[in-house]
Amino acid sequence: MAQETIFSKIIRREIPAEVLYQDELVTAFRDIHPRAPTHILIVPNVLIPTANDVEAEHEAALGRLFTVARKLAAEAGIAQNGYRLIVNCNEHGGQEVFHLHMHLVGGKALGPMLAR
Ligand code: AMP
């Protein structure tokens, strides 16, 4: 069994977070250490530790990450100028919380995708 993270507690509303959206598949909340004016995490409610653990049965929840990202980007007023959607995996990807999540980051020009 995969180890639960703090994100499971946020999904179950057991610890505080600024939750912006929740449905039966995903939950979205503000990142506690925002790297940009808009920095939202969108997570599947089911615990998928990393991108390496994705299975076909997760496709509905993972697709929902994108439709919720589109909706939240529009609500944040950053859709027109653009934004970045990021999923980090394991050590080289810089993943810190092992509950797969999509970062929605925007509100300023973000620069190159990777350090050159
Ligand atoms: P990653 O490096 O992709 O695993 O990103 C994990 C993100 O989770 C970081 O941007 C953290 O700031 C964020 N984070 C960690 N704990 C919390 C929390 N309790 N509430 C909101 N965001 C969190």
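Before reading further, recall that the structure is shown in the block above.
Described in the following lines is the structure provided in the data block. Note that the coordinates shown come from a computational prediction; the quantities given were computed from them, not determined experimentally.

Observations concerning the pairing of strand β5 (residues 102–106)
Next up, step 1: By the criterion of burial, β5 is predominantly enclosed, with five of the five residues buried.
Next up, step 2: Burial along β5 is two-sided: the face carrying Met102, Leu104 and Gly106 and the face carrying His103 and Val105 are both buried.
Next up, step 3: In this structure, strand β3 (residues 38–44) lies alongside β5, joined through five bridges in antiparallel fashion. If you follow Ile40 over to β5, its bridge partner there is Leu104.

Description of the site of the ligand
Next up, step 1: Around the ligand there are 17 residues in total, and Asp31, Arg35, Glu96, His101 and His103 lie nearest to it.
Next up, step 2: Here a nitrogen atom of the ligand and a backbone polar atom of Ile32 are 3.1 Å apart.
Next up, step 3: Within the side chain of Arg35, one N or O atom sits 2.9 Å away from an oxygen atom of the ligand.
Next up, step 4: Taken by itself the ligand offers 510 Å² of open surface, and the protein chains cover 90% of this.
Next up, step 5: Elements that contribute at least two residues to the shell around the ligand include exactly α1 (6–11) and β2 (26–30).
Next up, step 6: Broken down by element, the shell around the ligand gets its largest block of residues, three residues, from α1.
Next up, step 7: Across the shell around the ligand, the residue classes break down as seven nonpolar, six polar and four charged.

Remarks on the pairing of β3
Next up, step 1: Most of β3 is tucked away: seven of the seven residues are buried.
Next up, step 2: Along β3, one buried face is formed by Thr38, Ile40, Ile42 and Pro44 and the opposite face, lined by His39, Leu41 and Val43, is buried too.
Next up, step 3: Sheet topology note: the β2/β3 ladder contains five bridges and is antiparallel. Residue pairing in the sheet places Thr27 in a bridge with Val43 of β3.

Some thoughts on the nonpolar core
Next up, step 1: Core analysis: the biggest nonpolar cluster contains 15 residues, and Ala28, Ile40, Ile42, Leu65, Val68, Leu72 and Leu104 have the highest contact counts within it.
Next up, step 2: If you tally residues by element for this core, the top one is helix α2 (residues 59–76), at six residues.

Scoring rules and cut-offs
Here the residue numbers are simple positions, counted from 1 along each chain's written sequence. Local features in this predicted model are restricted to residues whose pLDDT is 70 or higher, and side-chain atom pairs enter the listing and the counts only when it is 80 or higher, whereas totals over whole chains, interfaces and linings include all residues. To obtain the side-chain values, all non-hydrogen atoms of the structure were included, while hydrogens and water were left out. Only protein chains enter the area calculation, which uses a 1.4 Å probe; residues under 20% of their type maximum are buried, those over 50% are exposed, and those in between are partly exposed. Helical segments are the DSSP runs of H or I of at least four residues, strand segments are the runs of E of at least two, and each set is numbered from the N terminus. Only when DSSP finds a minimum of two bridges between them are two strands counted as paired. By convention in this text, a residue qualifies as near a molecule or strand provided that one of its non-hydrogen atoms is within 4 Å of it. Whenever two N or O atoms come within 3.5 Å, that pair is a polar contact, provided that in protein one can donate a hydrogen and the other can accept it, and provided that, for residues adjacent in sequence, both atoms are side-chain atoms. Surface accessibility in these figures is a Shrake-Rupley result with a 1.4 Å probe; residues are shielded only by whichever protein chains are displayed. For this classification, the nonpolar set comprises Ala, Val, Leu, Ile, Met, Phe, Trp, Tyr, Cys and Pro, the charged set comprises Asp, Glu, Lys and Arg, and every other residue, Gly included, is treated as polar. We define a nonpolar core as any set of buried Ala, Val, Leu, Ile, Met, Phe, Trp, Tyr and Cys residues linked to one another through side-chain atoms lying within 4.5 Å.

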